[in-house]
Amino acid sequence: MHGTRILDEADRLMTVCNSCRYCEGLCAVFPAMEMRRAFSDGDLNYLANLCHGCGACYVDCQFSPPHEFNVNVPQTLAVARAESYAAYAWPQALSGAFARNGLVISIIAALSMAAFILGFAALIDHGVLFGVHTGPGAFYRLMPHNAMAALFTAALLYAILALVMSVRAFWRDIGTPIAGRADGGSIFQAIRDAGELRYLHGGGVGCYNEDDKPTDRRKLYHHLTFYGFMLCFAATSVATLYHYLWGREAPYPWWDLPVVLGTLGGVGLIVGPIGLFAAKMQRDPALLDESRYGMDVGFIAMLFLTGFTGMLLLLLRETAAMGPLLALHLGSVFALFITMPYSKFVHGIYRFAALVRYAQERRSEAGS
Amino acid sequence: MSPTSSHRADGMNSKYDVLVIGGGNAALCAAISARRGGASVLVLEGAPKFYRGGNTRHTRNMRCAHDEPTEILTGPYTEEEFWEDLLRVTGGQTDEVLARHMIRESKDILNWIVEQGVRWQPSLGGTLSLGRTNSFFLGGGRAMLNALYLTAEKLGVEVEYDAEVTDLVIEDGMFLAARLKRPIKGQTEIRATALVAAAGGFEANIEWLKQYWGEAADNFLIRGTPYNRGSILKMLLAKGVQEVGDPTQCHAVAIDARAPKFDGGIITRHDSVVFGIVVNKHAQRFYDEGEDIWPKRYAIWGRLVAAQPDQIAYIVFDSTVVTSFMPTLFPPIAGQTIAELAGKLELDPAALEKTITEFNAAVQPGTFDHTILDDCRTEGITPPKTHWARRIETPPYLAYPVRPGITFTYLGTRVTREARMLMADGRPSANMFAAGEIMAGNVLGKGYAAGMGMTIGSVFGRIAGREAAKHARN
């Protein structure tokens, strides 16, 4: 038997599903399952992270509740997935952050924003803090660019280190039956599969939400959120290049690349998370891991907060509200960065790794 | 064609153009087809919503003729070839006119069913893994049903669940009304201009099975829901509809004895017979385990086990073949010695050891290949194992207990090409049509070939709905 109750249940379900296989055309989970006859902890964590939670296999299953076989793959894999985040967290001492994740994320976000506000209030002359600043370098009159860059680079580097260590443990654990390094072709395939959310589609009709009528709503909101996030990241990166390569200092005019990218991304980061939150509220509880509600909503809220404070800052950057808004925005971005390895953010990393593994397995199967 | 425009209020009772009794593939195809033909339609499904659809819940594919390869099928599978397959599995017990008509219509069903929202599973491993005769439903039979229900409801078909019909009012071959156990919209009687009966067979009705099988039927497991009780079929036959098909016969396969009494579906089946031997409760072999290849070997074992004492048997094999067949829901029962295994199976250890020793001694050298009728056989024992015979000698020794799993029954109502029921005196009914398992015996007098039940359901469902709507309009 397995280490946890949920992995025992996932094992039971995969045994049921492997003797049925009707769902093999719906997504990647079932073909991956068919490559195995028995399931280790790593196998189950792999399948759990490969699952996008579209719900189609639940609606299509002749053995889902109230049938006595009680087959609920989306919910079981959702719980197993969430537990895998804690199991692979680095350092392990911090894995407890996933236990009451909503609370942890809220406290860190609150502390981070409070720290920036207090820091600004303590270190900056109030005339400057509540003053109106325009023109190149306006933001840096509140916080020097180098200090900002150093602080956020450090936070990001820590997040990357922790994520790399976590995903490394995951990758090793799911390494059967074909261990080894990821090849370029499989990574490219995984980028495409993740980029278009290929498996969040119920086998072609969409996701199952509040009833048995599928829609593509969640896919759309997820795209807005994910690409919004990427655009914001691109905006920051371009601005950093402007700063160091050409000495062009923010804020930039509305038509300039960083602002255009940031505005588009900011809109995505506001609309997307709202949509995802609404979809979650409406979704059939049978498909959800309700005990992880805090983790899911905590991450959605962090993304929304980042987008929302960023857009407010853009709109009001030439008013006296700029100083306090900058503190709020930087506080939320900082919190987002440092909690990345301990928040729902990790779902994307593990799922991407699982998709790479799946692409490898498909290639190896086709080649054999 | 809004539901109300053609929905005639008539005194106290509302009257539908077409009443469909049943909730599976045939019923839904009939309802959709009748609705598209302009009729107001009510579907009465006797089961609760989750268990809707009878045996369709457990199906996976459909057999359709086609002249050219398609996106999901290599081709061709001609009408003639389909007919030959049907002739072979039924041993000629089929109505050729009806069967050829169905096969011809099956070609168009491949596309028609997609227009009703059903999706076929695309090839998972390139064109090499495509089938030729059968198309698979993406997500299986329940997914197919869900799609049909969504389409029917979108079109304005009314559907009622837990709607058990207790009586049919039929006068001189003319359907007038159906009486309900539980009132629907305050009515306990539903009147309609035409009836489509698509309520399946009686495989879940143990008392009825006992009429032919005696107490042995108590040991049968039913692969579908407990709602396939054949009550509509019984009423129709009692009210003068001509019967077709052997009432004593049912399709039965060997399924795991640990399966639930009802609705274990596909996952309880065993296809490991050819890899070992099969013994009864006295640890004796009773039939050639290597007689024929799939699917015939699969379909005969239900009946064979039903004929054994207490309707139980054990597939016994050793550890060398475990990965030769699909993983099973229930794990095999294992023993390090034959005696230990026999103890766990509650068989006489000495008897099982003797059976296996004799079998092993009778195995002749050969080259094993389970995809053909190979030359691995026994000599000097009765019954022989004529193919795939290999010694059972590598522990752990393993076994699956099996019982007869009843899939469907053959008794039905006789119909015409228009799916119109024929009365016992040979006259066609004025307004009663049948589709699906309830009339499958017209085409399938015995035997089975994968996907044929769904072909019968979709083809005759579509025809029955169209004809019923035509009748209602005139």
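Each value, and the rule that gives it
- Residues numbered from 1 in each chain as written.
- Chains lettered and ligands numbered in written order.
- Predicted model: local features only at pLDDT ≥ 70, side-chain atom pairs only at ≥ 80, totals over all residues.
- Helix = DSSP H or I, 4+ residues; strand = E, 2+ residues; numbered from the N terminus.
- Rg over C-alpha atoms; globule rule 2.2 N^0.38 Å.
- Buried ≥ 20, exposed ≤ 12 C-beta atoms within 10 Å, placed from the backbone.
- Contact = placed C-beta atoms within 7 Å.
- pLDDT = per-residue confidence, 0-100.
- Core = buried A, V, L, I, M, F, W, Y, C linked by C-beta atoms within 7 Å.
- Nonpolar A, V, L, I, M, F, W, Y, C, P; charged D, E, K, R; others polar.
- Pairing = 2+ DSSP bridges.
- Axes fitted to C-alpha atoms, helices over the stretch in contact; angles between N-to-C directions.
- Parallel < 35°, antiparallel > 145°, perpendicular 65-115°, else oblique.
- Left-handed = near helix turned anticlockwise from the far one by under 90°.
- Expected span 1.5 Å × (residues − 1).

Asker: Would you mind showing me how to read the overall build of chain B here?
Answerer: Helix and strand content of chain B: 10 helices and 19 strands. Relative to the 2.2 N^0.38 estimate, which gives 23 Å for 474 residues, the radius of gyration of chain B is 24 Å and therefore close to what a compact globule would have. Dimensions of chain B, computed from the C-alpha atoms along their principal axes, are close to 80 × 50 × 40 Å. Expressed as a percentage of its 474 residues, the buried residues of chain B come to 52%. Sequence separation of 24 or more characterises 74% of the internal contacts of chain B that already satisfy a separation of 6 or more.

Asker: When you look at the overall build of chain A in this model, what are you seeing that I'm missing?
Answerer: Helix and strand counts for chain A come out as 14 helices and 0 strands. The order of α-helices and β-strands along chain A, N terminus first, is α-α-α-α-α-α-α-α-α-α-α-α-α-α. For 368 residues, the compact-globule formula gives about 21 Å, and the C-alpha radius of gyration of chain A, at 22 Å, lands near that figure. Counting across all 368 residues of chain A, residues that qualify as buried make up 45%. Considering only contacts in chain A between residues 6 or more positions apart, those separated by 24 or more positions represent 76%.

Asker: Explanation requested: the confidence of the model for chain B in the structure shown.
Answerer: Interpretation of this model should avoid reading the predicted coordinates in detail wherever pLDDT is low. Per-residue pLDDT for chain B averages 93, and the proportion of residues at 70 or more is 95%. Here residues 1–12 of chain B is a poorly scored stretch, pLDDT under 50, and it has 15 contacts once near neighbours within four places are set aside; other chains count.

Asker: Can you help me understand the nonpolar core in this one?
Answerer: The nonpolar side chains of a soluble globular protein tend to be buried with one another. Counting 143 residues, the largest nonpolar core has B:Val18 and B:Ala198 as the members making the most contacts within it. Top element by residues in this core is helix 10 (residues 452–473) of chain B. It accounts for 10 residues. Setting aside anything within four residues of it in sequence, one finds B:Val18 in contact with B:Ala34, B:Ala39, B:Val41, B:Ala192, B:Ala194, B:Val196, B:Ala468, B:Ala469 and B:Ala472. In this structure, A:Phe63, A:Ala89, A:Leu261 and A:Tyr350 belong to the second largest nonpolar core, which totals 104 residues.

Asker: I'm lost on helix 3 (residues 41–50) of chain A in this one. Help?
Answerer: A turn of α-helix holds 3.6 residues, and therefore any two residues three or four places apart point the same way. Residue and element names in this part refer to chain A. Burial analysis of helix 3 places 8 of its 10 residues in the buried class, which makes it a mostly covered element. Within helix 3, burial applies to Asp43, Leu44, Asn45, Tyr46, Leu47, Ala48, Asn49 and Leu50. The secondary structure elements touched by the buried residues of helix 3 are helix 1 (5–18), helix 2 (29–34), helix 5 (73–87), helix 8 (145–173) and helix 14 (346–367).

Asker: What am I meant to see in the interface of chain A and chain B here?
Answerer: How big an interface is tends to be stated in terms of the accessible area lost upon association of its parts. Taken together, the contact pairs 25 residues of chain A with 26 residues of chain B. Elements represented by at least two residues in the side of chain A that touches chain B include exactly helix 1 and helix 4 (56–60) of chain A. Along the lines of polarity and charge, the residues of the side of chain A that touches chain B split into 11 nonpolar, 8 polar and 6 charged.

Asker: Would you take a moment to explain the pairing of strand 14 (residues 313–318) of chain B for this structure?
Answerer: On a regular strand, one side chain projects to one face of the sheet and the next to the other, so that they alternate. All names here are of chain B. Here strand 14 lies mainly inside the structure; 6 of its 6 residues are buried. Of the two faces of strand 14, the one lined by Ala313, Ile315 and Phe317 and the one lined by Tyr314, Val316 and Asp318 are each fully buried. Looking at chain direction, strand 13 (residues 277–280) and strand 14 are connected through 4 bridges and run antiparallel. Counterpart to Ile277 in the pairing with strand 14 is Val316.

Asker: Any chance you could explain the environment of B:Gly457 here in plain terms?
Answerer: Residue and element names in this part refer to chain B. With respect to the element layout, Gly457 can be found in helix 10. C-alpha of Gly457 to C-alpha of Ala440: the two residues are 17 residues apart in sequence and 8.1 Å apart in space. Beyond its immediate sequence surroundings of up to four residues, Gly457 is in contact with Gly24, Asn25, Ala26, Cys29, Ala435 and Gly436.

Asker: Help me out: how do you make sense of the packing of helix 3 of chain A against helix 5 of chain A in this one?
Answerer: A pair of packed helices is captured by two measures, namely the crossing angle of their axes and the spacing between those axes. Residues and elements named next belong to chain A. Remark: helix 3 packs on helix 5, axes separated minimally by 8 Å, with the N-to-C direction vectors making an angle of 110 degrees. With respect to helix 5, the axis of helix 3 lies roughly perpendicular. In the packing of helix 3 onto helix 5, the handedness of the crossing is left-handed. Taking contact as the criterion, the partners of Leu44, Asn45, Leu47, Ala48 and Asn49 in helix 3 are, on helix 5, Leu77, Ala80, Arg81 and Ser84. The residue inventory of the contact of helix 3 with helix 5, partitioned by class, reads 5 nonpolar, 3 polar and 1 charged.

Asker: Would you explain helix 13 (residues 322–339) of chain A in this entry?
Answerer: Given a rise of 1.5 Å per residue, 18 residues ought to cover 26 Å, and the 25 Å separating the end C-alpha atoms of helix 13 of chain A matches this to within 8%. A large share of helix 13 of chain A lies buried, amounting to 15 of its 18 residues.

Asker: I'm lost on unusual backbone geometry in this one. Help?
Answerer: Peptide bonds are mostly trans, and most non-glycine residues show a negative phi. Between A:Trp90 and A:Pro91 the backbone carries a cis peptide bond, its omega angle lying at -10 degrees. Within the secondary structure, A:Pro91 is located in the loop between helix 5 and helix 6 (101–123). In this structure, the amide linkage connecting B:Pro395 to the following residue, B:Pro396, adopts the cis form with an omega of 0 degrees. Tracing the sequence through the fold places B:Pro396 in the loop between helix 9 (349–362) and strand 16 (397–409). The backbone of B:Asp162 sits at a positive phi, close to 50 degrees, despite the residue not being glycine.

Asker: Just checking my understanding: could you explain the packing of helix 6 of chain A against helix 13 of chain A for this structure?
Answerer: Residues and elements named next belong to chain A. At a minimum axis separation of 8 Å, helix 6 and helix 13 run at an interaxial angle of 140 degrees. Taken together, the axes of helix 6 and helix 13 are oblique relative to one another. At the point where helix 6 passes helix 13, the crossing takes the right-handed sense. Residue-level contacts link Ile105, Ile108, Ala109, Ser112, Met113, Ala115, Phe116, Ile117 and Phe120 of helix 6 to Gly323, Pro324, Ala327, Leu328, Leu330, Gly331, Ser332, Phe334, Ala335, Ile338 and Thr339 of helix 13. When its residues are assigned to classes, the contact of helix 6 with helix 13 shows 15 nonpolar, 5 polar and no charged.

Asker: Explain the environment of B:Ala313 here, please?
Answerer: All names here are of chain B. Considering the arrangement of structural elements, one finds Ala313 in strand 14. A residue is classified by how many C-beta atoms lie within 10 Å of it, and Ala313, with 30 of them, is buried. Sequence spacing of Ala313 and Val402 is 89 residues, and the spatial spacing of their C-alpha atoms is 5.3 Å. Beyond its immediate sequence surroundings of up to four residues, Ala313 is in contact with Val278, Val279, Asn280, Val305, Gln308 and Val402.

Asker: Would you explain the environment of A:Arg357 in this entry?
Answerer: Residues and elements named next belong to chain A. Here Arg357 is to be found in helix 14. Using a count of 24 C-beta atoms within 10 Å as the deciding quantity, one classes Arg357 as buried. For the pair Arg357 and Leu118, spaced 239 residues apart in sequence, the C-alpha to C-alpha distance is 46 Å. For Arg357, the contacting residues outside a window of four places in its chain are Tyr46 and Ile174.

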